[in-house]
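Each chain, letter by letter, is given below.
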Amino acid sequence: MGLFGNTTPAPQPSSADPFAKIEASDGKQGGVYPLAGVYPLLYVDALKMIRSRKGEDMFVCEVEILRSEVADRPFGTRMSWIGNFRHDATAGNVKTLIAAVMNCPQAEVDSAGAQYACSDKNPCHGRLVRLEAVGTKTKAGGDFTLCNWRALPDEIQAQAEALRKAAGFI
């Protein structure tokens, strides 16, 4: 049964039909990435691996902002950090993030653990992390935001849902 309870099959649309494109697409929101500044408290919604339209492996960390010192990224909003594995630094940056989210040494983040962190089980959902983002330039002169992820202690982790509610997410 489709949306609106319609059980009558729709006519088969042509590949040029925009409604066929809507049905076949993944609904996404995006474009809200970390800006330089300090985010003392982020609630991890999901860690996942996706394929870009160009077929590249991409890591995605979706967060809800519970505390922010960045005016254009206020508390009560969402943002995503994305790492593209075509860049050499991405694997290390993802390892640092996972270790911070799970509050464990980086040496404990192995391939199986990283794969589990990005699985449909979503084990990192609800964890809190701190982000210190620094604006910098790439060797080619482009803009880049370096993300330094920091673990938060268990006593703060225990307050995750109350802090999320205070920020208006629930």
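Summary of the structure given here. What you see as residue numbers is a count from 1 along each chain, following the sequence as written. Where totals are concerned, whole chains, interfaces and linings use all residues; where local detail is concerned, this predicted model gives features only for residues with pLDDT of at least 70, and gives and counts side-chain atom pairs only at 80 or more. Excluding hydrogens and water, the side-chain values take into account all heavy atoms of the structure.

Here's the deal with the overall build of the chain
Helix numbers and strand numbers start at the N terminus; a helix is a DSSP run of H or I with at least 4 residues, a strand a run of E with at least 2. A tally of regular secondary structure across the chain gives 5 helices and 5 strands. If you list the helices and strands of the chain from N to C, you get α-β-β-β-α-α-β-β-α-α. Each residue is assigned to one of three classes by its accessible area relative to the maximum for its type, calculated with a 1.4 Å probe on protein chains only: buried under 20%, partly exposed between the two thresholds, exposed over 50%. The buried share of the chain, taken over its 170 residues, is 32%. Here the contacts in the chain between residues at least 6 apart in sequence split such that 58% fall between residues at least 24 apart. Just so you have it, the chain exposes about 11000 Å², and 53% of that area is on carbon and sulfur atoms. Two residues qualify as a contact provided that any one of their heavy atoms is within 4.5 Å of a heavy atom in the partner residue. Shrake-Rupley sampling with a 1.4 Å probe provides the accessible areas, and residues are treated as covered by the protein chains on show and by no other component.

Examining helix H2 (residues 90–102)
The span you would expect from a helix comes to 1.5 Å times its residue count less one. Along its 13 residues, H2 runs 18 Å from first to last C-alpha, staying within 8% of the 18 Å computed at 1.5 Å per residue. Of all the positions in H2, only Thr90, Val94, Leu97, Ile98, Ala99, Ala100 and Val101 are classed as buried. Asn103 lies just past H2 and shows a positive phi near 55°.

Quick word on a nonpolar patch on the surface
Every patch collects residues that have over 30% relative accessible area and no salt bridge, joining them within 9 Å if they carry like charges and within 5 Å if they are nonpolar side chains (Val, Leu, Ile, Met, Phe, Trp, Tyr). Basic side-chain nitrogens of Lys or Arg form a salt bridge, by our definition, when they fall within 4 Å of a carboxyl oxygen of Asp or Glu. A cluster of nonpolar residues, Val134, Phe144 and Leu146, forms a patch on the protein surface that exposes about 240 Å² of accessible area. Taking the relative accessible area as the measure of exposure, Val134 reaches 41% and is therefore partly exposed.

Considerations on the sheet that holds strand S5 (residues 143–150)
Note on pairing: DSSP must find at least two bridges between two strands before they are called paired. A sheet is described by the order of its strands in space; here 5 strands give the open sequence S3-S2-S1-S4-S5, paired in antiparallel fashion. With one partner strand each, in any of the chains shown, strand S3 (78–84) and S5 form the two edges of the open sheet. Each adjacent strand pair in this sheet contributes to an overall mean axis angle of 45°, direction not counted. Taken together, the 10 bridges between strand S1 (residues 37–51) and strand S2 (residues 57–67) define a ladder with antiparallel strand orientation. Here the axes come from fitting lines to C-alpha atoms, over the contacting stretch only for helices, and the angles between their N-to-C directions go from 0 to 180 degrees.

Some words on the pairing of S3
Note on strand geometry: in a regular strand, side chains alternate between the two faces of the sheet. Of all 7 residues in S3, 5 are buried, a share of seventy percent or more. Inspection of the sheet shows S2 paired to S3 by 7 bridges, in the antiparallel sense. Bridging across to S3, Val60 finds its partner in Ile82.

A look at the pattern of salt bridges
Taken as a whole and judged by the stated rule, the model has 11 salt bridges. Note that Asp57 is salt-bridged to Arg51, the shortest N-O span being 2.8 Å. In this structure Asp57 comes out as partly exposed when scored by relative accessible area, which is 33%. A salt bridge links Arg164 to Glu64; the nearest nitrogen and oxygen atoms lie 2.6 Å apart. With Arg164 in helix H5 (residues 160–166) and Glu64 in strand S2, the pair connects residues that are 100 residues apart, well separated along the chain. You'll find Arg164 and Glu64 in the same group, each marked buried. Beyond isolated ion pairs, a larger network of salt bridges with shared partners links Asp45, Lys48, Glu62, Glu64, Arg78, Glu161 and Arg164.

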